[in-house]
Amino acid sequence: MPFLKKPQSHLILLAGMAVMIVILFWVVVPDRLKENQGTDFVNFYYPVARNLVVGNGLTVDGVDLAIKFPPGHPLIIAGFLKGGDMLNLSHQFSLAFLSALSFAISAILIYQIAILIWKPIEALIATMAWIVYPFALQLFAVGIDGRPLSEVTFIPVFLASVLTVQKIYLYKSKRTKDYLLAGFLIGVATLIRPYAFGVIFVFLIIVLGYTRRFGLRLVLARSLLMLLVYVAILFPWEMVLYRHAGHFIWLSTVGEGNASDGLTSFAITAKEYRQTISVPDDVMDLMERYIVRSDEMLSYTDVVRVVSEEAIEAPIATVKLFAIKALRSWYATDSGKYELLTKSIQLLYLLPIMIGMVYAIRFKNSVRSLAVIIRVCFIYLKRVPSV
């Protein structure tokens, strides 16, 4: 068929396959395996988006500025809700459409990222691994159900930024618009999920790798341009936060007041839906001390101070705690449920990841370096969706 011989047809087929599989997952998989116990969408993202649509501004209750999370995700949701209202579509349908579209775009972007390094069949395998990845399906199925989490809008924007920088590196691009686009995309991604802020430094390292090819002056100019665009995307929101609070806030207040939760929540249950996890006695004692000192940890600076002080008193327990957290970051769920299942699936995916890393070493230096750097980005952002 002539249609199938066109490169664009492959992307269309992958997008269509992604949509069909995630909808099938949503229909077939029991609700208990698709549930998300978090309340961020119901209590924050949806009310803020709805208020934006009706003209009440970026607020949860129509009065107070919504600063618990950055504005990226609710702004995108509001755009789809507004478009749906104009077409007389329900909000649930608009949100399901957003989630399905996002999953389709993510599949296309992963294929385009992979095809720049691998052969077409290998790029297809990488894309199919994403399309059938149970945790991706669970995440986007929750969105199909009308409750898209921030990862739903974050993933395609982040992948687009990776693809842009990948093309800059492989094609030795000097075009100003490529660097503008890269800075813009990672800036938008950071406004959706703040933990993406570290990726800009990885991208800058990639650009600085041009030194031997184009000269230090050009490299520094391109790096500065990308960074300035990134800062320009974040700056207006930071000014809004500063004027509202009277002091500097990094993107949101979500960490203020409960910054110690990540140090203790998986073993000392703080929420009804969470199942506690057993840990060594000395680690439990350390966590309990964190709980006692939780009033001292109202910001990330306070957390660093308290953790440092406790590390001096209990260095071995501190090392154990962070080793447990590092290991659990690959399979743990927010609720503590189904962790044997998640661990098995992650181990299944770990094998081809390791094979890919070994295979990448056989590439010529430029492609090998890029493959490793891209993996660093994904490892930095790696998490299992909350279930």
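Now for a description of the structure that goes with this document. (Residues numbered from 1 in each chain as written. Predicted model: local features only at pLDDT ≥ 70, side-chain atom pairs only at ≥ 80, totals over all residues. Heavy atoms only, no water.)

On to the overall build of the protein. Along the protein, the regular secondary structure elements total 18 helices and 0 strands. By the burial criterion, 46% of the 387 residues in the protein qualify as buried. For the protein, restricting intrachain contacts to residue pairs at least 6 apart in sequence, the fraction spanning at least 24 positions comes to 68%. Accessible area for the protein stands at about 19800 Å²; split by element, carbon and sulfur atoms hold 68% of it. (Helix = DSSP H or I, 4+ residues; strand = E, 2+ residues; numbered from the N terminus. Buried < 20%, exposed > 50% of the residue type's maximum accessible area, 1.4 Å probe, protein only. Contact = heavy atoms within 4.5 Å. Areas by Shrake-Rupley, 256 points an atom, 1.4 Å probe, with all protein chains shown as cover.)

For the rest of this paragraph, the subject is the nonpolar core. Ile-77, Phe-103, Trp-130, Phe-140, Ile-186, Phe-203 and Met-226 are the most contacted members of the largest nonpolar core, which has 80 residues in total. For this core, the element with the highest residue contribution is helix α8 (residues 150–170), accounting for 13 residues. With residues near it in sequence (within four places) discarded, Met-226 still touches Tyr-179, Ala-182, Gly-183, Ile-200, Phe-203, Leu-204 and Val-207. (Core = buried A, V, L, I, M, F, W, Y, C linked by side-chain atoms within 4.5 Å.)

Going through the model one piece at a time under the given rule, you end up with 8 salt bridges. The shortest N-O distance in the salt bridge between Lys-320 and Asp-282 comes to 3.0 Å. Of this pair, Lys-320 sits in helix α16 (residues 315–328) while Asp-282 sits in helix α14 (residues 281–292), and the two are 38 residues apart along the sequence. The class for Lys-320 is partly exposed, based on a relative accessible area of 34%. Three or more residues joined by partner-sharing salt bridges are found here, namely Arg-289, Arg-293, Arg-305, Glu-309 and Glu-310. (Salt bridge = Lys/Arg side-chain N within 4 Å of Asp/Glu carboxyl O.)

What follows deals with helix α7 (residues 134–144). Across the 11 residues that make up α7, a large majority, 10, are buried. By the burial criterion, the buried members of α7 are Phe-135, Ala-136, Leu-137, Gln-138, Leu-139, Phe-140, Ala-141, Val-142, Gly-143 and Ile-144. Downstream of α7 by a residue or two, Gly-146 has a phi angle that is positive, lying close to 100 degrees.

Attention now goes to the packing of aromatic side chains. For any pair of aromatic rings, geometry is given as the distance between the ring centres together with the angle between the planes. Enumeration according to the criterion identifies 14 aromatic pairs in this entry. Taking 5.4 Å as the distance between ring centres and 85 degrees as the angle between the ring planes, the aromatic pair formed by Phe-44 and Tyr-45 counts as edge-to-face. The same class applies to Phe-44 as to Tyr-45, namely buried. One aromatic cluster in this structure is built from Phe-103, Trp-130, Tyr-133, Phe-135, Phe-140 and Tyr-349. (Phe/Tyr/Trp six-rings, centres within 6.5 Å; stacked < 30°, edge-to-face > 60°.)

Mapped onto the elements, Thr-127 comes out in helix α6 (residues 120–131). Other than its neighbours up to four places away in sequence, Thr-127 contacts Leu-14, Ala-107, Ile-110 and Tyr-111.

Right, let's get into a nonpolar patch on the surface. Taken together, the side chains of Met-86, Leu-87, Leu-89, Phe-93, Phe-97, Leu-101 and Ile-105 present a nonpolar region at the surface, about 700 Å² in accessible area. Tracing the chain through its elements places Ile-105 in helix α5 (residues 91–115). Residue classification places Ile-105 among the partly exposed residues on the basis of a relative accessible area of 34%. (Patch = residues over 30% accessible without salt bridge, like charges linked within 9 Å, V, L, I, M, F, W, Y side chains within 5 Å.)

Among the secondary structure elements, Ala-141 is positioned in helix α7. On the basis of relative accessibility, which here comes to 0%, the residue Ala-141 falls in the buried class. For the pair Ala-141 and Ala-100, spaced 41 residues apart in sequence, the C-alpha to C-alpha distance is 8.5 Å.

Along its 12 residues, α6 runs 16 Å from first to last C-alpha, staying within 8% of the 16 Å computed at 1.5 Å per residue. Restricting attention to buried positions, one finds in α6 the residues Ala-123, Thr-127, Trp-130 and Ile-131. End-on view of α6: buried residues confined to an arc of 100 degrees, all on one side of the axis. In α6, the exposed positions angled more than 90 degrees off the buried face are occupied by Ile-121 and Ile-125. (Expected span 1.5 Å × (residues − 1). Arc of directions from axis to C-beta.)

Let us look at the environment of Thr-253. By secondary structure assignment, the location of Thr-253 is in the loop between α12 (216–245) and α13 (261–264). On the basis of relative accessibility, which here comes to 19%, the residue Thr-253 falls in the buried class. Taking the C-alpha atoms as reference points, Thr-253 and Lys-68, separated by 185 residues in sequence, lie 4.7 Å from one another. Beyond its immediate chain neighbours, meaning those up to four positions away, Thr-253 contacts Ile-67 and Lys-68.

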